[in-house]
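Given next are the chains, with one letter for each unit.
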Amino acid sequence: MPSPAYIPAVAAVLFATLSMAPARPIAVNPVRAEGFAESLNGEWFFRYVAGQDDGGGFEKPDFDASAWKKIPVPGNWEMHGFAEPKYSWDLAKGTGLYRRTFRTPAGWSAGRRVCLRFEGVANGFEAWVNGRKVGAAAASAYNPTTLDVTAELLPGVDNVLAVKVLSKPENSGSDVFDDWSFCGIFRDVTLFSVPETYARDLTVRTTLAADGAAMVAVSVEMSRPDCEIRGKLLAPDGSAAGDFPLPRQPDGRFAATLRVARPALWTAETPALYRLILNTSNAAGPLQEIALRVGLREIEIVDGVLRLNGRPIKLRGVNRHDESPAAGRAVTEQDFQRDLALIRRGNVNFVRTSHYPPAPRFLELCDEMGIYVMCEVPFSGFRAGEKSSPAYRANLAARVDATIGRDKNHASVIAWSIGNENRISPELFEISRRAKALDPTRPVCHPTVGQQFDANPGRFPDFVDILAPHYPTREMLARWVKSLKRPVILTEFAHANGLAMDRLQDQWETIQASPHFAGGAVWHLMDQGILRKSPTPPDRGRPTPYAWPDKDHFYDTHGLDGQDGVVYADRTPQSDFWEMRKVYAPVRIAESAVAVGPGAREIALTVANRYDFRSLAGLTLAWALERNGGAIQSGKSPLAAASHTSETVEIPVNVPAGDDVLVLRLRCFDEHGNPITEHAVRLDIPAAGLAAWSKSLPAEPAPEVRETDAGVEIETTGWTLTADRRTGAIAIRDPAGKPLVIGIFPHCGRGFIGPELNRARKSGSWAGSVLAENTAPEIAVTHAGEAVRLKVGGNWPRKGKPAQSFAGFYELEIGANGAIAIRYDFVPTDATGILLEAGLSLEIPAEMRDFRWIGQGLYPAYPGKDLLDEFGLFHLDRDDLHFQGNRRATEIALLTTARGAGVALGSQPTDIAVERAGKSTYLSHNAVISSLGNKGFPAETAVDAASAGHIAGSFTLVPLGSAWPAALVRWFGQPAPAKEVFQPFYHSYDQ
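Residues numbered from 1 in each chain as written. Predicted model: local features only at pLDDT ≥ 70, side-chain atom pairs only at ≥ 80, totals over all residues. Heavy atoms only, no water.

## Thoughts on the nonpolar core
Within soluble globular proteins, side chains that are nonpolar tend to cluster in buried spots. Definition in use: What is meant by a nonpolar core is a set of buried Ala, Val, Leu, Ile, Met, Phe, Trp, Tyr and Cys residues, joined one to another through side-chain atoms within 4.5 Å. For the exposure calls, accessible area comes from a 1.4 Å probe over protein chains only, and a residue counts as buried if that area is under 20% of its type's maximum, exposed if over 50%, partly exposed in between. A run of H or I in DSSP becomes a helix once it reaches four residues, and a run of E becomes a strand once it reaches two; helices and strands are each numbered from the N terminus.
Membership of the largest hydrophobic core comes to 62 residues, with the highest contact counts inside it found for Phe 493, Leu 504, Val 522, Val 566, Met 580 and Tyr 584. Element by element, the count of residues in this core is highest for helix α9 (residues 575-584), at five residues. In this structure, Ile 779, Val 903, Leu 905 and Leu 923 belong to the second largest nonpolar core, which totals 51 residues.

## Remarks on the confidence of the model for the chain
In plain terms, the rule: What pLDDT reports is the predictor's confidence in each residue, on a scale of 0 through 100. A contact between two residues is defined here by any heavy atoms of the two lying within 4.5 Å.
A residue-level look at the chain finds 97% of positions with pLDDT of 70 or above and a mean pLDDT of 93. Ignoring residues within four places in sequence, the model shows residues 1-23, a span with pLDDT below 50, making 45 contacts including any to other chains.

## Considerations on the environment of Pro 447
With respect to the element layout, Pro 447 can be found in the loop between β29 (444-445) and α6 (450-455). Relative accessible area serves as the criterion here: at 2%, Pro 447 is assigned to the buried category. Dropping the residues within four chain positions of it, Pro 447 is found in contact with Arg 352, Glu 376, Ser 417, Ile 418, Gly 419, Asn 420, Glu 421, Asn 422, Ala 468, His 470 and Thr 491.

## A word on the sheet that holds strand β19 (residues 254-260)
Applied cut-off: The pairing criterion is simple: DSSP has to find at least two bridges between the two strands. Lines fitted to C-alpha atoms define the axes here, with helix axes fitted over just the stretch in contact, and angles between the N-to-C directions of these axes take values from 0 to 180 degrees.
The strand order across the open sheet formed by three strands is β15-β16-β19, and the pairing between neighbours is antiparallel. The two strands at the open ends of the sheet, each matched to only one other strand, are β15 (199-208) and β19. Within the sheet, the average angular offset between the axes of one strand and its neighbour, ignoring direction, is 15°. Inspection of the sheet shows strand β16 (residues 214-222) paired to β19 by seven bridges, in the antiparallel sense. Residue pairing for β19: Ala 217 is matched across the bridge by Thr 257.

## Regarding the packing of aromatic side chains
Threshold: Stacked, tilted and edge-to-face are the three classes assigned to paired rings of Phe, Tyr and Trp, where Trp is represented by its six-membered ring and a pair needs centres within 6.5 Å; plane angles under 30 degrees give stacked, over 60 edge-to-face, the rest tilted. Two conditions define a charge sitting above a ring: the NZ of Lys or the CZ of Arg must be within 6 Å of the ring centre, and it must be within 35 degrees of the ring normal.
A full pass over the atoms with the stated rule returns 32 aromatic pairs. Considering the side-chain rings of Tyr 87 and Trp 180, the 5.2 Å spacing of their centres and the 80° angle between planes classify their relative orientation as edge-to-face. With Tyr 87 in strand β4 (residues 86-87) and Trp 180 in strand β12 (residues 180-181), the pair connects residues that are 93 residues apart, well separated along the chain. The residues Tyr 87 and Trp 180 share a single accessibility class, namely buried. Aromatic pair Phe 118 and Phe 125: ring centres 4.7 Å apart, planes at 45°, arrangement tilted. For the pair Phe 118 and Phe 125, a shared accessibility class is recorded, and that class is buried. Taken together, the aromatic side chains of Trp 44, Phe 46, Tyr 48, Trp 77, Phe 82 and Tyr 98 make up a single cluster linked through ring pairs. Looking at Arg 614, its charged tip hangs above the ring of Tyr 611, at a distance of 5.6 Å from the centre.

Structure below.
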């Protein structure tokens, strides 16, 4: 790029040539035609000034900026070290001064206009060309500004472009809401040329006739009336679908309606795109060719139900904005492709562009790939009676005009979101009325705080087509299903804060079953995190609020504020992503367990099609019969159910005899080989010995008991148990003296995750996982035949609140075969607050890092968040990202070294949790368990300590050496380390 230093001779010519008339923003359809558009992206000279600054004449052509640093455009100056990133409204005033030069091609001069287009500048700017101010904009950082710079250009020489960007112009609060507040020229800058007679505006609207034909209405506003326009429509396969003139109408626009008799209709499931080509000409000849892709579809509301092409639709959504951990808002085509691949992989068909319009290319890709979009007009924080001056309302109107004007021709955009969580007021409805006037073909909504909506559902005028409340409780949602008659989209629900995404699966089933409820959007697709360098590495033995890709860098989410994605900032999926994917799956299999006997048989499965338009023809159900985790039979079955119907699929299997864990593993693929969902059906054989495996252990010499005043020692051939009468402490060691169990304690909770730490201040949730101190220990030993019973009673006070405690006991019955039958019964005494989990915990040395289990897996699960997991055999290493957490319906759990030493826990299907605890691991049997809640919202399944009653349960514990019992070897194989360990991060939150 040429130096911005402009020689005095050229400057003198420039000032003598320029007209003094200021240029103004121009309404023009942007051009991408080859030869008449050039990108001005690249390295610009840049200077940052804290506070507001006039630039000191930096816009003058002869200003020497050669000593300035350079910055990429698009780019945010915070991401290039010029200022400290700030979050949301905590944005400091700053000024960015930009300079570069450019030349215009020779063919752009005679009889043409030259335009300069900024797709996005945060948060306001002024621009000069060759020292002349050509325009300014501060209405919205995320809407484009196009300037006519024809009069300021000099042919054949370098033209100087100077831009001053302000971080906090007036009315910019809506552009720095609920995320990192980045500044600068962050979207494309383009120079393009149009003839003097050019298209100012182009509108395409499509509807469907009663006979199924599509009506394509095309309207063009031209800068001059002395022209003709002819249109051509090409079908998705390239064939001609219509050729038509656009006569000039009485209102001055050129318009026509084309009828397409047998249209290929656009839906998210069938994203067919036509190509519309408009050619303008006048007496002198051709002027301009304009091309765009259009989808033929109609959005309507019938009897309170949102319909597309005459059929009800369900919007399986996420909220998303343009952001990259390394580049801020300056996202690229690669970023869009990556996010949309994740979106499709997650069975998402709907995106709300919170809280502003995305870059244009994102919507183009949504058109192509088939994603429904609610495009948001960017304004947040509006309060009735505040900021309602004419100037402020004019700013809001400009935001509506610019958003709809830019995005109205996208097939993917099916609704307008008018701001975010603004107070209900007449001024607010003025803006939505304006949006309806600009585009009567799409519904509008006002996303609203749930409690405010719940108190004011009748205040929304009829022209607000869709009701859009946020974060309802189960009770609120049940009430709305009965009372609301308009379409409802939960534009934010199931807040994925940390790993505490609650409410999704239950609320989605309510949405699925309720015709008026069109869908919802999880908050949020990705964590709002930026990559930072740390002067010191994290302590991997302590919790962290961040995700660290390595020891020197972390993704800063501004604490919990931005820690709310179903994927991490770098787009690594969280367990929440897989949960969402399972909940949103458009193919569902009803059966989860089938009773069978040995031999050949067919297993009938009920497959439901939740697609809105397509049948399951072309989809394949791949199946494998697994015995103890290994496939022994497999096959594929085609699917065919019509949309919103079910079919029965018969799977032929030959069930083997024996005490095996049998699972019919199912995977559904589309016609392109993309996986849609997975499911497991447990095959129950009545004679299988899974539940009673420990009773079959071989008999050994009876346990030897030694009692003293100080304690008790119980010795078997495989291990020794000690109990301290003074403290009640229990430990189990192998014959070499190495600990297998460090301690046994009442389990009263777990480490807080995500928003639970903040909520604990109000809910009084019990902190910590175990009650380690027994203030009144009682140890008693009795004999029952060859078995020995050791009972530990006492009172275990709550940490920091000793007046509250667990009172009760646990008892170990040690059989001659070495198995330990454990039962426990505790009662919270004078207790308050919430018990996140409660039961009995075993403290296990951390070197026992291999966690295997038979039950639901692979991921942690809780009440209201357990649809993801399926029955099977699972194996995780302690360093695996998904190791920690509760597993539901667990029957056998092993925590061992790679060589096999450790413990096996057997139970009726129950909740079993593992938790890292420094140099130990807690293996916990949960008698009660709460759900996770959401950001700012308590768990809806919450165990109140005051009313919990008896916290009681039972299970069997078998200490293990390197030689496992035959049953464990049959099911799990010989001891060995986990083959795969998922470690995407050096360290991460909730890990």
